[in-house]
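# Summary of the model geometry
Read off the chains here:
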Amino acid sequence: MGQEEKQSYLFPLFSKFPIKLVKGQGSRLWDDTGKEYIDLMCGLAVTNLGHVHPKVKDKLVAQLDELWHGCNLFYLPHQERLAQLLVDNSCMDAAFFCSTGAEANEAAIKLARRYAQKIKGTDRYEIITFRQSFHGRTLATLTATGQSKVQEGFLPLPEGFVYADYNDLESVRALLSDRTCAVMVEMIQGEGGVIPADLTFVRELAQLCEEQDILLLVDEIQTGMGRTGKLFAYEHYGIEPDIITLAKGLGSGFPIGAMLGKAKLIPAYTAGAHGSTFGGVPTAMAAGVATVETMLEENLVERAAELGEYVLAQLTEKLASNPLVTTIRGKGLLLGIVCTEPVADIINTIHAKGVLVVPAGPNVIRIVPAMTISQEDLDHGLDVVCQVLAEKAASAISTI
Ligand SMILES: *Cc1c(COP(=O)(O)O)cnc(C)c1O
């Protein structure tokens, strides 16, 4: 940079909203000018209990006084506790902890290959994923991601991923071969535009995996931790995946990822097969334990289901006659308002009016409130969203 002042010392990897956030409490956020916002995005499905939840904060502060790093070569009590909480409340039998979603999916991809190769041989490595999916930004997980925009410029991509069409079982069947080791799928494609999987598709997919003896990996990084009105979104479908991955909502904002797997997979992940220095550190585990305990003790998953029905009904009613809106879709508190045009400007206007929402793809406004949000904040937030959409529709008509 020459004489002019450098704007930022960061790689410009994110197209940022023009807001400097400095403080959060529950479902309210404040910027550096003191302006207050109602949070309907939760930092992208992360702060499911709202910002700085007192129970999570107390446990974290207590842990900060005790031990920050213990190393995975020792037994760490909160790790066992969090693993037990997740296993007891799912169809899974064992947990591995890491720090991000992409890492959780890496752990799942490696486990699927290792299990299949142990049983069926080294030519079993291929994983079927779906178009419009999102699984992360590491080389393997961006290859698993069925969107060319995240792969551009990163060739050569690792081998072993093929793409089916979402909600189309025949397209999965067409890709099956004696290389197939697993299918990896989201129950709602979050980044892809808040697209829910059909009930029959998921059930038949689970059945197909069982018949073919291939693993079913469900990426619950966005849909998990109560977000859709069940602790895990697979529960809506009455299926039992072999592996699920978690991250976003698991630590209330503390970096944490997890992979949970069925008992038959445990012998494939023995000492030395996989690992992570920061996975399962006492601080992150304390945040995870407090997050899950709070969700369960305060029946927040049920509340997310009820609030989700309410939000869907409100949006459907208030936006029914808005020509900019085609559908409202999603489940629980992971909803998308699908628009007929790009929503970037609409979202900036909603932000300027003090409500934070985020897009999911170019045409979808994602509504992702905390499961603890007050009725008043929720109603006010939704009013602002609907009002801005009404104004945009009216101005579009008047300029014709
Ligand atoms: C966010 C997300 C990821 C990636 O998580 P990171 O923590 O950003 O690595 C993977 N899968 C899904 C479904 C996600 O929503």
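Residues numbered from 1 in each chain as written. Predicted model: local features only at pLDDT ≥ 70, side-chain atom pairs only at ≥ 80, totals over all residues. Heavy atoms only, no water.

A separate point is the pattern of salt bridges. Close approach of charged atoms lets side chains of opposite charge pair. According to the stated counting rule, one finds 14 salt bridges in the structure shown. A salt bridge links Glu298 to Lys55, with the shortest nitrogen-to-oxygen separation between them at 2.6 Å. Taken together, the residues span a long stretch of sequence, with Glu298 in the loop between helix H8 (282-297) and helix H9 (300-318) and Lys55 in helix H2 (residues 54-66) at a distance of 243 residues. We classify Glu298 as partly exposed; its relative accessible area is 35%. On the basis of relative accessibility, which here comes to 36%, the residue Lys55 falls in the partly exposed class. (Salt bridge = Lys/Arg side-chain N within 4 Å of Asp/Glu carboxyl O. Helix = DSSP H or I, 4+ residues; strand = E, 2+ residues; numbered from the N terminus. Buried < 20%, exposed > 50% of the residue type's maximum accessible area, 1.4 Å probe, protein only.)

As summarised here, the arrangement of the four strands in space is S13-S14-S17-S16, forming an open sheet in which the pairing is antiparallel. Edge positions in the open sheet fall to strand S13 (325-331) and strand S16 (358-359), since each of these has one partner strand only. Sheet topology note: the S16/strand S17 (residues 364-367) ladder contains two bridges and is antiparallel. In the strand pairing of S17, Val358 is matched with Arg366. (Pairing = 2+ DSSP bridges.)

Moving on to the site of the ligand. Neighbouring the ligand are Thr100, Gly101, Ala102, Asn105, Phe134, His135, Gly136, Glu186, Asp219, Ile221, Gln222 and Lys248. Phe134 places a polar main-chain atom, nitrogen or oxygen, 3.2 Å from a nitrogen atom of the ligand. Gln222 is positioned with one of its side-chain polar atoms (N or O) 2.8 Å from an oxygen atom of the ligand. In isolation the ligand exposes 390 Å². Once the protein is present, 81% of that is buried. The element that contributes the greatest number of residues to the shell around the ligand is helix H4 (residues 101-120), accounting for three residues. (Near = heavy atom within 4 Å. Polar contact = N/O pair within 3.5 Å; in protein donor to acceptor, adjacent residues only side chain to side chain. Areas by Shrake-Rupley, 256 points an atom, 1.4 Å probe, with all protein chains shown as cover.)

So, about the state of the cysteines. This structure, assessed with the given rule, holds zero disulfides. Sulfur of Cys71: no disulfide; nearest cysteine sulfur belongs to Cys98 and is 16 Å away. Sulfur of Cys91: no disulfide; nearest cysteine sulfur belongs to Cys209 and is 13 Å away. Given a relative accessible area of 14%, Cys91 falls into the buried group. (Disulfide = S-S within 2.5 Å.)

Further remarks concern unusual backbone geometry. Geometrically, the link from Leu155 to Pro156 is a cis peptide bond, its omega value of -5 degrees lying close to zero. Within the fold, Pro156 resides in the loop between helix H5 (139-144) and strand S6 (161-164). Unusually for a residue other than glycine, Ala45 sits at a positive phi of about 65 degrees. Among the secondary structure elements, Ala45 is positioned in helix H1 (residues 42-45). A positive phi angle, close to 50 degrees, is found at Asn299, a residue other than glycine. The residue Asn299 is located in the loop between H8 and H9 in this model. By relative accessible area, Asn299 is classed as partly exposed at 44%.

Interaxial distance between H9 and helix H11 (residues 375-398) falls to 11 Å at its minimum, and their mutual angle equals 30 degrees. The orientation of H9 relative to H11 falls into the category roughly parallel. Our pair here, H9 against H11, has a crossing hand that is right-handed. Along the contact surface, H9 presents Arg303, Leu307, Tyr310, Val311, Gln314, Leu315 and Lys318, while H11 presents Gln375, Leu378, Asp379, Leu382, Asp383 and Cys386. By residue class, the composition of the contact of H9 with H11 is seven nonpolar, two polar and four charged. (Axes fitted to C-alpha atoms, helices over the stretch in contact; angles between N-to-C directions. Parallel < 35°, antiparallel > 145°, perpendicular 65-115°, else oblique. Left-handed = near helix turned anticlockwise from the far one by under 90°. Contact = heavy atoms within 4.5 Å. Nonpolar A, V, L, I, M, F, W, Y, C, P; charged D, E, K, R; others polar.)

Another aspect to go through is the pairing of strand S14 (residues 334-339). Where burial is concerned, most of S14 is hidden: six out of the six residues are buried. Neither face of S14 is exposed, since Leu334, Gly336 and Val338 on one face and Leu335, Ile337 and Cys339 on the opposite face are all buried. In this sheet, S14 lies alongside S13 in antiparallel orientation, the contact comprising six bridges. Note on S14: the bridge partner recorded for Val325 is Cys339. Where S13 hands over to S14, the hairpin turn is made up of two residues, of which Gly332 adopts a positive phi near 60 degrees. As judged from the four bridges shared by S14 and S17, these two strands associate in the antiparallel manner. Within S17, the residue paired with Gly336 across the bridge is Arg366.

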